[in-house]
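# Summary of structural features
These are the residues of each chain, in order.
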Amino acid sequence: MSAPSSLAPRLNLGRIALFTALGLFALFFLTPLYVMLSTALKSMDEIRNGTLLSLPLSPTLEAWSRAWSGACTGTDCGGLKPFFMNSVMMVVPAVSISTLIGSLNGYVLSKWRFRGSELMFALMLFGVFMPMQVVLLPMSQILGWLGIASSIWGLVLIHVLAGIPSTTLFFRNYYVGLPDELVKAAMLDGANFWQIFWRIVLPLSTPILVVTLIWQFTNIWNDFLYGVVFSGADSKPITVGLNNLANTTSSVKEYNVDMAAALIAALPTLFVYVVAGKYFVRGLTAGAVKG
């Protein structure tokens, strides 16, 4: 009976060391976020007279207001609001369409296999590893032929095409784990292709749907390369607007406005993580209860 008691101090010390190391890593990782948030809540006088890690003595949202509707992004001084709305108009259809197409592709390639389906999946998988720079010239030519170059819908098309390989990979690998007997039983009951997909397969896809939505939203919202190459004067996304704001020269560099602008650009991603994570946990819990 003495052996467990002799091992307990060692286990406790190991856990303390582990949690201490994890806490230090978390502190190191979150320090830039703290600096950004505290700087965004300070006035320029407080930034000049204080230190980088000091707390704001008189927190103010003036920098946030200027970043949203008053900061200069090149020759335009309308803030990030128009860029933010452009990104919203681009992200919502791009994420929805690419996720829907990926779910259909994954459903077909896993449950309705045909001759050459594995080759088709391999070719689509190749698109996951293709460098984005390779497609810039052909994509620009295609957008010109379609007459949607330098527009929001052009960016939507670009992100849908770029996201299909990833979404197909996610859904196909997930649907492979679903029992084939579900599809066969539904077919015996007279269900067709679409009925099986909408009524059986898709309701069981909550975890992978959430993962795919988070993946696609993060990639599209935070994309800079496609945004700066394929956007026009009135269709630039939030990442291009943030870059223009940070690089606009003026007599006095307003670091609080830059930090507030960066946080405004990052808030939707954080919101999606929180909301989608809640549904992800709920889906896993419901699946465990049913199982």
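Residue numbers run consecutively from 1 along every chain, following the written order of its sequence. For this predicted model, a pLDDT threshold of at least 70 governs which residues receive local features, and a threshold of 80 or more governs which side-chain atom pairs are given and counted, while totals over whole chains, interfaces and linings are taken from all residues. Excluded from the side-chain calculations are hydrogens and water; all other atoms, namely the structure's heavy atoms, are used.

### Some remarks on the overall build of the protein
Secondary structure elements follow DSSP: runs of H or I no shorter than four residues count as helices, runs of E no shorter than two count as strands, and numbering proceeds from the N terminus. Across its full length, the protein holds 13 helices and zero strands. Radius of gyration means the value over C-alpha atoms here, while the globule rule gives 2.2 Å times the residue count to the 0.38 power. Against the globule reference of 19 Å for 291 residues, the protein gives a C-alpha radius of gyration of 25 Å, more extended than a compact globule. Categorising residues by exposure relies on relative accessible area from a 1.4 Å probe, with only protein chains included: less than 20% of the type maximum marks a residue as buried, more than 50% marks it as exposed, and the intermediate range marks it as partly exposed. Every one of the 291 residues in the protein was classed for burial, and the buried ones make up 36%. The contact criterion used throughout is that any non-hydrogen atoms of two residues lie within 4.5 Å. Sequence-distant contacts, at least 24 apart, represent 71% of the contacts inside the protein between residues at least 6 apart. Positive and negative side-chain charges in the protein, numbering 17 and 12 respectively, have mean positions lying 11 Å apart. For this count, His and the chain ends are skipped, Lys and Arg are scored as positive, and Asp and Glu as negative. For this purpose, a charge sits on NZ of Lys, CZ of Arg, CG of Asp or CD of Glu.

### With respect to the confidence of the model for the protein
pLDDT measures the predictor's confidence residue by residue and takes values from 0 up to 100. Averaged over the protein, the pLDDT score is 86; the fraction of residues at 70 or greater is 90%. Of all helices and strands in the protein, the one with the weakest mean pLDDT is helix α13 (residues 255-290) (76), whereas helix α4 (residues 81-111) scores best (94).

### Focus: a nonpolar patch on the surface
Excluding any residue in a salt bridge, patches collect residues exceeding 30% relative accessible area, merging like charges within 9 Å and nonpolar Val, Leu, Ile, Met, Phe, Trp and Tyr side chains within 5 Å. The Shrake-Rupley method, run with a 1.4 Å probe, gives the accessible areas here. Residue values count only the displayed protein chains as cover. In what follows, salt bridge is the name for a side-chain nitrogen of Lys or Arg lying within 4 Å of a carboxyl oxygen of Asp or Glu. There is a patch of nonpolar side chains on the surface, built from Tyr-34, Leu-52, Leu-53 and Leu-55 and spanning about 420 Å² of accessible area. Along the polypeptide, Leu-53 turns up in the loop between α2 (44-49) and α3 (62-69).

### Things to note about the nonpolar core
Grouping buried Ala, Val, Leu, Ile, Met, Phe, Trp, Tyr and Cys residues that are joined through side-chain atoms within 4.5 Å yields what is termed a nonpolar core. In terms of nonpolar packing, the biggest core is built from 44 residues, with Trp-64, Met-90, Val-91, Phe-230 and Ile-238 touching the most fellow members. In this structure, Trp-64 is in contact with Leu-37, Ala-40, Leu-41, Ala-260, Leu-263, Ile-264 and Leu-267, ignoring residues within four places of it in sequence. Formed by 12 residues, the second largest nonpolar core is a distinct cluster that contains Phe-171, Val-183, Phe-197 and Ile-208.

### Some points on unusual backbone geometry
In this structure, Ser-150 takes a positive phi of about 60° despite not being glycine. Along the chain, the position of Ser-150 falls in the loop between α6 (136-146) and α7 (152-176).

### Some details on the side chain of Asp-258
Secondary-structure assignment places Asp-258 in helix α13. Sequence-distant contacts of Asp-258, defined by excluding residues within four places in its chain, comprise Leu-245, Ala-246 and Lys-253.

### Details of the packing of aromatic side chains
Centres within 6.5 Å make a pair out of two Phe, Tyr or Trp rings, where for Trp the six-membered ring is used; the pair is then stacked when the planes are under 30 degrees apart, edge-to-face when over 60, and tilted otherwise. Here the structure, examined in full by the defined rule, presents 13 aromatic pairs. Relative to Phe-193, the ring of Tyr-107 lies with its centre 4.9 Å away and its plane at 50°, an arrangement referred to as tilted. Taken together, the residues Tyr-107 in helix α4 and Phe-193 in helix α9 (residues 193-201) connect sequence positions 86 residues apart. With a relative accessible area of 0%, Tyr-107 lands in the buried category. Judged by centre distance (5.3 Å) and plane angle (75°), the ring pair of Phe-197 and Trp-198 falls under edge-to-face.

### Here's the deal with the packing of helix α5 (residues 117-126) against α7
When two helices pack together, you describe them by how their axes are tilted relative to each other and by the distance separating the axes. Orientation of α5 relative to α7, taken along the N-to-C sense of each, is 130°, at an axis distance of 9 Å. As summarised for this structure, α5 and α7 are arranged oblique, according to the angle between their axes. Of the residues in α7, those in contact with Glu-118, Phe-121, Met-124 and Leu-125 of α5 are Ile-164, Pro-165, Thr-168, Leu-169, Arg-172 and Asn-173. Charged means Asp, Glu, Lys or Arg here, nonpolar means Ala, Val, Leu, Ile, Met, Phe, Trp, Tyr, Cys or Pro, and polar covers whatever is left, Gly included. Class assignment of the residues belonging to the contact of α5 with α7 gives a composition of six nonpolar, two polar and two charged. With axes taken as lines fitted to C-alpha atoms, and helix axes fitted only over the stretch in contact, angles between N-to-C directions fall between 0 and 180 degrees. What sets the label is the angle itself: under 35 degrees gives roughly parallel, over 145 gives roughly antiparallel, 65 to 115 gives roughly perpendicular, and the rest give oblique.

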